Amino acid sequence: TREEFCELVYNTVITVAKQNSIKITYNAREAHFYDTDSKAIMMLYRMEIIAGRTSTRFAPKENITREEAAVVLDKTAEYLLCVSQIPTVLPTADI
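What comes next concerns the included structure.

**Some remarks on the nonpolar core**
In globular proteins that are soluble, nonpolar side chains generally tend to be buried together. One finds Val-13, Leu-44, Met-47, Ile-49 and Ile-50 to be the most contacted residues of the largest nonpolar core, which totals 25 residues. If you list the elements that add at least two residues to this core, you get helix H1 (2-19), helix H2 (39-46) and helix H3 (66-84). Of the residues forming this core, the biggest block, seven residues, is contributed by H1. Contact partners of Met-47, with chain neighbours within four places excluded, come to Tyr-10, Val-13, Ile-24, Thr-25, Tyr-26 and Tyr-79.

**Here's the deal with the packing of aromatic side chains**
A full pass over the atoms with the stated rule returns two aromatic pairs. Their ring planes at 80° and their centres at 5.3 Å tell us that Phe-33 and Tyr-45 sit as a pair that is edge-to-face. In this pair, Phe-33 is assigned in the loop between H1 and H2 and Tyr-45 in helix H2, connecting sequence segments twelve residues apart. Here Tyr-45 falls in the buried class, since its relative accessible area comes to 16%. Residues Phe-33 and Phe-58 carry aromatic rings whose centres are separated by 5.5 Å and whose planes lie at 55° to one another, so their mutual orientation is tilted. Of this pair, Phe-33 sits in the loop between H1 and H2 while Phe-58 sits in the loop between H2 and H3, and the two are 25 residues apart along the sequence. A cation sits over an aromatic face here: Arg-2 above Phe-58, 4.3 Å from the ring centre.

Cut-off values and rules
- Residues numbered from 1 in each chain as written.
- Predicted model: local features only at pLDDT ≥ 70, side-chain atom pairs only at ≥ 80, totals over all residues.
- Heavy atoms only, no water.
- Core = buried A, V, L, I, M, F, W, Y, C linked by side-chain atoms within 4.5 Å.
- Buried < 20%, exposed > 50% of the residue type's maximum accessible area, 1.4 Å probe, protein only.
- Helix = DSSP H or I, 4+ residues; strand = E, 2+ residues; numbered from the N terminus.
- Contact = heavy atoms within 4.5 Å.
- Phe/Tyr/Trp six-rings, centres within 6.5 Å; stacked < 30°, edge-to-face > 60°.
- Lys NZ or Arg CZ within 6 Å of the ring centre and 35° of its normal.

Structural data, given as structure tokens:
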């Protein structure tokens, strides 16, 4: 489900951040989803990694689509690179 995927992504972000001494940053915006009170969903929303189906509905029990999962994973990778200041280009000798 969308909620289960968010739990997995949130736990991954927290684990990677702890292992690499990355300071997690949050946007001040608050989520106003009437259909969930999941901490993972609220925090990922504040990290600008996820969005709801509408501004007030997240639909946590619906299945996540491949497209939605791909967008979330892309935004998660981008978020972790931005907050950790890791260079995104590898030297060609490492490839």
